[in-house]
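Given next are the chains, with one letter for each unit.
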Amino acid sequence: MIDFEESLPSDIPIVVLDTETTGLFPGLGHRIVEIGAIRMENWRVTGEINQLIQPDRKMDPRSTAVNHITDEDLVGKPTFIEISNDLAALMDGALLVAHNAAFDAEFLGMEYVIGNYAVNGAGSGPPLANPWLCTLLLARRHFYFGRNNLGHIAHKLGVRMGLAHRALNDVYMTAEVLKRMVRELGNQRLKTVGDLLHAQGGAIFIPPPAAIDLPDLVNDALRKRQPLRILYFGDTEN
């Protein structure tokens, strides 16, 4: 296991990741519809994933207005569980980096939980416990960009900008932003990964799955990816 705390960023594998989603709230059933990720070793790209994903639900029109991904774009695309092993292999042993990492970590963790329920009927956690570094938190705590959205930061740092709000374009922008931030923070004696994680306020991790004991009927429907109608009965006056 890599000692992230004492390592320099150039000495460890780093995976920069971004997701596009059907909406903003995984706890309300929103899902990942696109994932982009690159693996870097000594700052050189050694692996990449760029994939649209079938979320088994409709896009929220407000999300489509931002990322321009429509339901038609997702027809015939693989589900998250179908690409999950390749993604886990890409992330294996790496420091994970994202702009607003808590958002991506929560969605990614939920997708692995859903996939595990679908296969096993049990909610084991995602296959990684890697720490996340967040360029948004670093920007808020140690830089003064005026605004902290990724495009504005990239512009301020002289990073070439691709099409915003598409996963792989945002990943490459985030990677270049990260390089410049690491160089600047190194001048402030924040050199190791541990220094950077401390600088953002502590490491971020994928949230552990909630302990949910589902009825066999629900578990069976999840495994078979079948629709399930739930009827609630009770006193309508309360």
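Our structure is the block above this text.
Residues numbered from 1 in each chain as written. Predicted model: local features only at pLDDT ≥ 70, side-chain atom pairs only at ≥ 80, totals over all residues. Heavy atoms only, no water.

### A word on the overall build of the chain
Okay, so step 1: Of regular secondary structure, the chain possesses eight helices and five strands.
Okay, so step 2: What you see in the chain, going N to C, is helices and strands ordered as β-β-β-α-α-β-α-β-α-α-α-α-α.
Okay, so step 3: Per-residue burial over the chain gives 46% buried out of 238 residues.
Okay, so step 4: Taking the contacts inside the chain whose residues are at least 6 apart along the sequence as the reference set, 69% of them involve residues at least 24 apart. (Helix = DSSP H or I, 4+ residues; strand = E, 2+ residues; numbered from the N terminus. Buried < 20%, exposed > 50% of the residue type's maximum accessible area, 1.4 Å probe, protein only. Contact = heavy atoms within 4.5 Å.)

### Some words on the environment of L136
Okay, so step 1: Mapping L136 onto the fold places it in helix α4 (residues 135-142).
Okay, so step 2: For L136, a relative accessible area of 8% corresponds to the buried category.
Okay, so step 3: Placed 35 residues apart in sequence, L136 and A101 show a C-alpha to C-alpha distance of 7.8 Å.
Okay, so step 4: Setting aside anything within four residues of it in sequence, one finds L136 in contact with H99, N100 and N148.

### Focus on the pattern of salt bridges
Okay, so step 1: Under the counting rule described, the total for this entry stands at six salt bridges.
Okay, so step 2: Two residues, K179 and E176, come together in a salt bridge whose shortest N-O distance is 3.1 Å. Placement of the pair is K179 and E176 together in helix α6 (residues 167-186), with a separation of three residues, close to one helical turn.
Okay, so step 3: Residue classification places E176 among the partly exposed residues on the basis of a relative accessible area of 28%. (Salt bridge = Lys/Arg side-chain N within 4 Å of Asp/Glu carboxyl O.)

### Some thoughts on the side chain of N130
Okay, so step 1: Looking at the secondary structure, you find N130 in the loop between α3 (101-120) and β5 (132-134).
Okay, so step 2: Overall, N130 belongs to the buried group, its relative accessible area being 9%.
Okay, so step 3: Within the structure, the side chain of N130 is placed 3.0 Å from the backbone oxygen of M91, a separation counted as a polar contact.
Okay, so step 4: Polar side-chain contacts of N130 include one of 2.6 Å to the backbone oxygen of A94.
Okay, so step 5: Among all residues touching N130, those that are not within four sequence positions of it are M91, D92, G93, A94, L96, I204 and F205. (Polar contact = N/O pair within 3.5 Å; in protein donor to acceptor, adjacent residues only side chain to side chain.)

### With respect to the sheet that holds strand β4 (residues 95-98)
Okay, so step 1: Spatially, five strands are ordered β3-β2-β1-β4-β5 in an open sheet, and the strand pairing comes out mixed. In this open sheet, the two strands that pair with only one neighbour each are β3 (44-52) and β5. For this sheet, the mean angle separating the axes of adjacent strands, direction not counted, is 20°.
Okay, so step 2: For strand β1 (residues 13-21) and strand β2 (residues 32-41), the ladder comprises nine bridges, and the chain directions are antiparallel. Looking across to β2, one finds that D18 is bridged to G36.
Okay, so step 3: The strands touched by helix α2 (residues 80-91) are β1, β2, β3 and β4; relative to β2, the strand with the most contacts, the crossing angle is about 30°. (Pairing = 2+ DSSP bridges. Axes fitted to C-alpha atoms, helices over the stretch in contact; angles between N-to-C directions.)

### Looking at the layout of surface pockets
Okay, so step 1: The calculated volume of the second largest pocket comes to roughly 690 Å³.
Okay, so step 2: If you go around the second largest pocket, you meet 30 residues; those closest to its centre are E20, L24, V66, F103 and H165.
Okay, so step 3: Among the elements of the structure, β1, α1 (61-67), α3, α5 (150-156) and α6 are those that each provide at least two residues to the lining of the second largest pocket.
Okay, so step 4: Of the residues forming the lining of the second largest pocket, the biggest block, five residues, is contributed by β1.
Okay, so step 5: Residues belonging to the lining of the second largest pocket are distributed by class as follows: 11 nonpolar, 13 polar and six charged. (1 Å grid on protein atoms, 1.4 Å probe; cavity = no way out; pocket = protein on both sides within 12 Å on 5 of 7 lines; lining within 4 Å. Points joined across faces, edges and corners; volume = space filled by probe spheres on them. Nonpolar A, V, L, I, M, F, W, Y, C, P; charged D, E, K, R; others polar.)

### Brief notes about unusual backbone geometry
Okay, so step 1: Not every positive phi belongs to a glycine, and N42 is a case in point at roughly 55°.
Okay, so step 2: Tracing the backbone through its elements, the reader meets N42 in the loop between β2 and β3.
Okay, so step 3: In this model, N100 sits at a positive phi of 70°, which is unusual for a non-glycine residue.
Okay, so step 4: Within the secondary structure layout, N100 lies in the loop between β4 and α3.
Okay, so step 5: Overall, the relative accessible area of 33% leaves N100 in the partly exposed class.

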